[in-house]
Amino acid sequence: MKARFQEVRDPKTHRLLGVYCQEDGVFESRQKGRIMRIQFPPGIPIQFIFDDSEPAA
């Protein structure tokens, strides 16, 4: 059985970045008391790709 909500975590730090609901097509992220929601077409699998913006010194 597939979970209704999927946690999206940073692969290096395992920090929770948000929650994705494929059924509704909504990605939700909560940071510093604010909520950001991104709407995608429902039922479409979304791929989250993480990368460093600057090389580590």
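Residues numbered from 1 in each chain as written. Predicted model: local features only at pLDDT ≥ 70, side-chain atom pairs only at ≥ 80, totals over all residues. Heavy atoms only, no water.

Describing the pattern of salt bridges
So, step 1. This structure, assessed with the given rule, holds 5 salt bridges.
So, step 2. Measuring nitrogen to oxygen at the nearest pair gives 3.1 Å for the salt bridge that ties Glu-7 to Arg-9.
So, step 3. What makes Glu-7 partly exposed here is its relative accessible area of 49%.
So, step 4. We classify Arg-9 as partly exposed; its relative accessible area is 36%.
So, step 5. Where Arg-37 meets Glu-28, a salt bridge forms, and the shortest distance between an N and an O atom there is 2.8 Å. (Salt bridge = Lys/Arg side-chain N within 4 Å of Asp/Glu carboxyl O. Buried < 20%, exposed > 50% of the residue type's maximum accessible area, 1.4 Å probe, protein only.)

Digging into the confidence of the model for the protein chain
So, step 1. Here the protein chain averages 82 in pLDDT, while 89% of its residues score no lower than 70.
So, step 2. Mean pLDDT across the secondary structure elements of the protein chain bottoms out at strand β1 (residues 6-9), with 88, and peaks at strand β4 (residues 34-39), with 90. (pLDDT = per-residue confidence, 0-100. Helix = DSSP H or I, 4+ residues; strand = E, 2+ residues; numbered from the N terminus.)

Some words on the environment of Glu-7
So, step 1. In this fold, Glu-7 is placed in strand β1.
So, step 2. A C-alpha to C-alpha distance of 9.6 Å links Glu-7 and Phe-27, two positions 20 residues apart in sequence.
So, step 3. Not counting residues up to four positions away in its chain, the partners in contact with Glu-7 are Leu-16 and Gly-18.
So, step 4. At 3.1 Å, the side chain of Glu-7 and the side chain of Arg-9 are in polar contact. (Contact = heavy atoms within 4.5 Å. Polar contact = N/O pair within 3.5 Å; in protein donor to acceptor, adjacent residues only side chain to side chain.)

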